[in-house]
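Residue-level structure breakdown
One-letter residues, chain by chain:
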Amino acid sequence: MTQATDVERAAGTRPIAVTVNGERRESAIEPRLLLVHYLRETLGLTGTHVGCDTTSCGACTVLLDGTPIKSCTFFAVQADGQEVTTVEGLVQGAQLHPIQEGFSEEHGLQCGFCTPGMMLTAVALIGEKPDPTEEEIRWALSGNLCRCTGYQNIVRSVQWAARKLRDGDTAGASSSGGEAA
Ligand code: FES
Ligand code: FES
């Protein structure tokens, strides 16, 4: 845990050091500040969205040490000393992450509001299960709501990314998906 200075204690703030998308970020923040607001307002990483604010929609999903969490109900001070990945951390230079390519190739988004959370949840799933079944994909994404797509193309996007990450081959990546929405 990062130790507070006398000035920070007097101001009611606490110092935190969080590695965000590979970069160490140090801030003095109010203990009540939620992680999603720390990311969006303190660090300017607005790719993490706020939908419901009540742990229901998944729009605010980020990875904490590789595990998806809903940052709208997680205090930023709880992330002190840990690693956070947001959607901005998926791209490597000019190279999109396979999950980003998958959503593009398989038309996995419409308005895009849910998409950052969907992609981060999917990245964690593929990290655990390189060849997830459609049922496993739907289960993993069950905490991420989409009001636009009907989910079928989101499932295909995850299958596309999983296939590319497994063997670099994307041909037919969407052909194993079912038709249920
Ligand atoms: Fe966090 Fe909806 S904004 S779950
Ligand atoms: Fe609009 Fe999912 S693409 S909410």
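Thresholds, definitions, all that
Residues numbered from 1 in each chain as written. Chains lettered and ligands numbered in written order. Predicted model: local features only at pLDDT ≥ 70, side-chain atom pairs only at ≥ 80, totals over all residues. Heavy atoms only, no water. Helix = DSSP H or I, 4+ residues; strand = E, 2+ residues; numbered from the N terminus. Expected span 1.5 Å × (residues − 1). Buried < 20%, exposed > 50% of the residue type's maximum accessible area, 1.4 Å probe, protein only. Contact = heavy atoms within 4.5 Å. Domains from an automatic or database assignment. Buried area = accessible area lost by both parts, 1.4 Å probe. Salt bridge = Lys/Arg side-chain N within 4 Å of Asp/Glu carboxyl O. Polar contact = N/O pair within 3.5 Å; in protein donor to acceptor, adjacent residues only side chain to side chain. Nonpolar A, V, L, I, M, F, W, Y, C, P; charged D, E, K, R; others polar.

Our focus in this paragraph is helix α4 (residues 115-128). For α4, built from 14 residues, the straight-helix expectation of 20 Å at 1.5 Å per residue is met to within 8% by its first-to-last C-alpha distance of 20 Å. Of the residues making up α4, those classed as buried are T115, P116, G117, M118, M119, L120, T121, A122, V123, A124, L125 and I126. Its buried side turned inward, α4 meets β3 (61-64), β4 (67-70), β5 (83-85), α3 (98-105), α5 (134-140) and α6 (152-167).

All right, on to the domain arrangement of the protein then. Here the protein is described as being made up of domain 1 (6-89) and domain 2 (98-167). Computed from C-alpha coordinates alone, the two centres of domain 1 and domain 2 are separated by 23 Å. Contacts between the two partners involve 17 residues from domain 1, matched on the other side by 13 residues from domain 2. Carbon and sulfur atoms supply 66% of the area that domain 1 and domain 2 bury against each other, a total of about 1,100 Å² over both sides. A per-residue breakdown of the area domain 1 buries against domain 2 is headed by H49, T61 and V87, which together make up 39% of the total. Our count for the contact surface shared by domain 1 and domain 2 stands at 0 salt bridges. Scanning the region where domain 1 abuts domain 2 turns up 5 residue pairs in polar contact (both at pLDDT 80 or more). Of all the secondary structure elements, the ones that give two or more residues to the side of domain 1 that touches domain 2 are β3 and β4. Broken down by class, the residue content of the side of domain 1 that touches domain 2 amounts to 7 nonpolar, 9 polar and 1 charged.

Here we come to unusual backbone geometry. At T55, a residue that is not glycine, the phi angle is positive and equals roughly 65°. In this structure, T55 sits in the loop between α2 (35-42) and β3. Despite not being glycine, H107 shows a phi value in the positive range, around 55°. Note that H107 resides in the loop between α3 and α4.

Take the side chain of S27 next. Note that S27 resides in strand β2 (residues 23-29). With relative accessibility at 15%, the residue S27 sits in the buried group. Of the polar contacts made by the side chain of S27, one reaches the side chain of Y38; its length is 3.3 Å.

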